Amino acid sequence: MGDECVTVVEMSTGALEAADRADAVIQWLLDTGVIVPNPQRGNTWQPSGYLPGPQAPAAAPGFGDTDYTLANNGVEILVERELYRDTSPHKAPSCPECGYELAEATLEAMIRPWLDGPEPRVDCAGCGTARLLGEWPDGYVVGELAVRFNNWPPLSQAFLADLGARMGPRWRAIREQY
Ligand SMILES: [Zn+2]
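What counts, and where the lines are drawn
- Residues numbered from 1 in each chain as written.
- Predicted model: local features only at pLDDT ≥ 70, side-chain atom pairs only at ≥ 80, totals over all residues.
- Heavy atoms only, no water.
- Donors = N, O, S within 2.8 Å, 3.2 Å for Na, K, Ca; no water.
- Helix = DSSP H or I, 4+ residues; strand = E, 2+ residues; numbered from the N terminus.
- Buried < 20%, exposed > 50% of the residue type's maximum accessible area, 1.4 Å probe, protein only.
- Expected span 1.5 Å × (residues − 1).
- Arc of directions from axis to C-beta.

Draft legend 1. Here's a closer look at the coordination of the zinc ion. For the zinc ion, every protein donor is listed as Cys95 (SG), Cys98 (SG), Cys124 (SG) and Cys127 (SG), and the spread of their distances is 2.3 to 2.4 Å. Along the chain, the residues donating to the zinc ion fall in the pattern C-x2-C-x25-C-x2-C. Residue Cys95 is located in the loop between strand S4 (75-85) and helix H3 (104-109), and its partner Cys127 is located in the loop between strand S5 (121-123) and strand S6 (130-132); the two are separated by 32 residues in the primary sequence. The exposure class of Cys95 is buried, given its relative accessible area of 3%.

Here you go:
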C-alpha cells in the first residue's frame, strides 16, 4: 500500500504573501494542537516537519481511536511555486456550464506557462465560457503555498474550510497517492 496525502493548495497569493500566510497557518495549527513540531524531522520513519498533535482528531475525526505512531503521517507546509495534481482516479476536467471536456493535451500544454507566469484563462470550446484554469474541476493547480497531510484520515469539511480561509481566497484540496 502506498502513501496517500491530502494537500490543501492556495493558488492566488504571490510568493511574499504566501510566506506570511504560511507563518500564520503554522502558528494556528500549533496553537490549536492539530500539529506539533517533529523533534526528529528528516528521518525516514517520520520525514515531515510536523506530526499530528493532541487535537488532530478535531481536524480528522478518524484519528479518534487509532494510534498516532504510524509511519509517515506528518504534515508539511510547502512554500514554493509548485504544480499539484490529483492522482487519485478522477474524471477528465469538464466545463461546469456545458460538460465539455478539456483535452489532456490542452492541459499539459498549459503547465509550463502557469508555473512560469500568471494563471492561464481557458475558453470552453463547447459554450465559450472563459474561466481561469484553476476553476476547471478535476484539473491541476499551481500554488505558492500548500499544506500536505500525509496518510491522515479524511479531514473534516469544517477544518478544511477554516484552514483554506486562512491560506487565501482560492484554495483546493488535492488528493495525491504515491
Ligand atoms: Zn462549456
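Following the structure, the description resumes.
Draft legend 2. Molecular detail of helix H1 (residues 15-31). A rise of 1.5 Å per residue sets the reference length of H1, with its 17 residues, at 24 Å; its end C-alpha atoms lie 24 Å apart and thus fit the reference within 8%. Within the span of H1, buried status applies to Ala18, Ala22, Val25, Ile26, Trp28 and Leu29. Down the axis of H1, the smallest arc covering the buried residues is 160°, so these residues share one side. For H1, the exposed residues set more than 90 degrees away from the buried face come down to Leu16, Asp20, Asp23 and Asp31. Looking one or two residues past H1, Gly33 carries a phi angle of roughly 75°, positive in sign.

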